[in-house]
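Now for the letters of each chain:
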Amino acid sequence: MTSAATTHRSVTVRVPAKVNLELKVGPRRPDGFHELSTVYMAVGLHDEVTVVQADRWSVLVSGPYADQVPRDETNLALRAARAVGRQVGIDDPLSVLIHKEIPVAGGMAGGSADAAGALLACDHLWGLGLPREDLLETAADLGSDVPFVLTGGIAVGSGRGERLAPVLARGTYHWVLAVSPDGLSTPAVYAECDRLRGDADVPTPEPTTGMMTALRSGDVKALGAALSNDLGDAALSLQPELGEVLVAGLEFGAVGGLVSGSGPTVAFLTESPEAALDLCVSLTASGVAGEVRRAKGPVHGAHVVAGPSTRG
Ligand code: C5P
């Protein structure tokens, strides 16, 4: 192993959360993953990941969800940083600082965002300039959603969600996110989906025409009507109170709503920034949803906000 040739003291990367506008879950594969067809949208809730040269490897976490994030070797951002180091033969230890605004175990790719942030931050800190395809490949090894939060925007995901294709899409959308106080484990939600399906035949998942047409037209009502998630029933089975949140949001005027990814965050689509604010107020006042956040989408994927690349 060598020491880093190009040294910068620290790099900070900002990374968005995601909502799955459509999530079709196909058959379980021999490797335990499920074949997916999903449409991702990156939304404006962001984590910030900073990597700093240090004497030993460590993770520090700040922000509203800090106490729920592991600081040991299981931390996905730490694993991402170590993976890049291994690949390029750099063994200089880093401190990984995470400012966490994305709910933990919420179905919004929070852990994946931190991994994507750490990948890009190490690439810049060590002056590697890794080709995009290499970053995407390492991202896919770390988790199915990591390539998407690195990329951002709107994209179709296939395979286990890691293979991305661009989507023709128009418009900016205003989301209200009802965050559950208790997270859901992604493997547990997939297992519950399998249990609910029993022996039923599961078709190969494909993007729907309704979703693609809605995105092409930029019609918020059409998009609201096209939202769908095959993991929704499984998430509701594990957290039945999410059903009340969904009903309330739609009654209070959302043009559509669904469980985000494996949940338990419930995402509501609204017609305007004002409608989003109204919905936040109504959901909070009704007491049905604990924490309520607003976010715009689509937004950019992981990008450097402080460090070498912002100087040049
Ligand atoms: O890829 P990621 O680490 O996010 O996956 C977490 C878990 O979610 C997997 O171990 C698997 O149980 C489940 N999963 C799945 N099919 C997918 C993606 C995730 O079964 N396409």
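Residues numbered from 1 in each chain as written. Predicted model: local features only at pLDDT ≥ 70, side-chain atom pairs only at ≥ 80, totals over all residues. Heavy atoms only, no water.

Since one α-helical turn is 3.6 residues long, residues separated by three or four positions face the same way. Turning to helix H3 (residues 132–142), its buried residues are Leu-135, Thr-138, Ala-139, Ala-140 and Leu-142. Where H3 is buried, its residues meet helix H1 (76–88), helix H2 (110–125) and helix H4 (146–151). (Buried < 20%, exposed > 50% of the residue type's maximum accessible area, 1.4 Å probe, protein only. Helix = DSSP H or I, 4+ residues; strand = E, 2+ residues; numbered from the N terminus. Contact = heavy atoms within 4.5 Å.)

Leu-21 and Trp-175 are the most contacted members of the largest nonpolar core, which has 72 residues in total. When residues in this core are grouped by element, the largest group, nine residues, is from H2. If we skip the residues at most four places from it in the chain, Leu-21 touches Val-39, Met-41, Trp-175, Met-211, Leu-215, Leu-223, Ala-226, Leu-227, Ser-228 and Leu-258. Ranked by size, the runner-up nonpolar core spans 26 residues in total, among them Leu-246, Ala-254, Ala-276 and Leu-279. (Core = buried A, V, L, I, M, F, W, Y, C linked by side-chain atoms within 4.5 Å.)

This part covers the packing of aromatic side chains. Counting across every chain of the model gives one aromatic pair. On the basis of an interplanar angle of 10 degrees and a centroid distance of 4.5 Å, the ring pair of Tyr-40 and Phe-148 is categorised as stacked. Highlighted residues: Tyr-40 in strand S2 (residues 34–53) and Phe-148 in helix H4, separated in sequence by 108 residues. Tyr-40 gets classed as buried once you look at its relative accessible area, which sits at 0%. Over the aromatic face of Phe-33 sits the side chain of Arg-160, whose NZ or CZ is 5.1 Å from the ring centroid. (Phe/Tyr/Trp six-rings, centres within 6.5 Å; stacked < 30°, edge-to-face > 60°. Lys NZ or Arg CZ within 6 Å of the ring centre and 35° of its normal.)

Lining the immediate environment of the ligand, one finds Gly-32, Phe-33, His-34, Leu-36, Gly-143, Ser-144, Arg-160, Thr-186, Pro-187 and Tyr-190. Between the ligand and His-34, the relevant distance is 2.7 Å, taken from an oxygen atom to a side-chain nitrogen or oxygen of the residue. Between the ligand and the protein, one listed contact pairs an oxygen atom with a side-chain N or O atom of Ser-144 at 2.5 Å. When atom positions are compared with the pocket grids, the ligand is found to occupy the largest pocket. Broken down by secondary-structure element, the contributors of at least two residues to the shell around the ligand are S2 and helix H5 (186–197). Broken down by element, the residue count for the shell around the ligand peaks at three residues, all from H5. A breakdown of the residues in the shell around the ligand according to their chemical character gives four nonpolar, five polar and one charged. (Near = heavy atom within 4 Å. Polar contact = N/O pair within 3.5 Å; in protein donor to acceptor, adjacent residues only side chain to side chain. 1 Å grid on protein atoms, 1.4 Å probe; cavity = no way out; pocket = protein on both sides within 12 Å on 5 of 7 lines; lining within 4 Å. Sits in = over half its atoms within 2 Å of the grid points. Nonpolar A, V, L, I, M, F, W, Y, C, P; charged D, E, K, R; others polar.)

Right, let's get into the confidence of the model for the protein. For the protein, mean pLDDT is 94; residues scoring 70 or higher make up 96% of the total. Predicted confidence is poor over residues 1–6, with pLDDT under 50, and the contacts of this stretch with residues over four places away or in other chains come to 15 contacts. (pLDDT = per-residue confidence, 0-100.)

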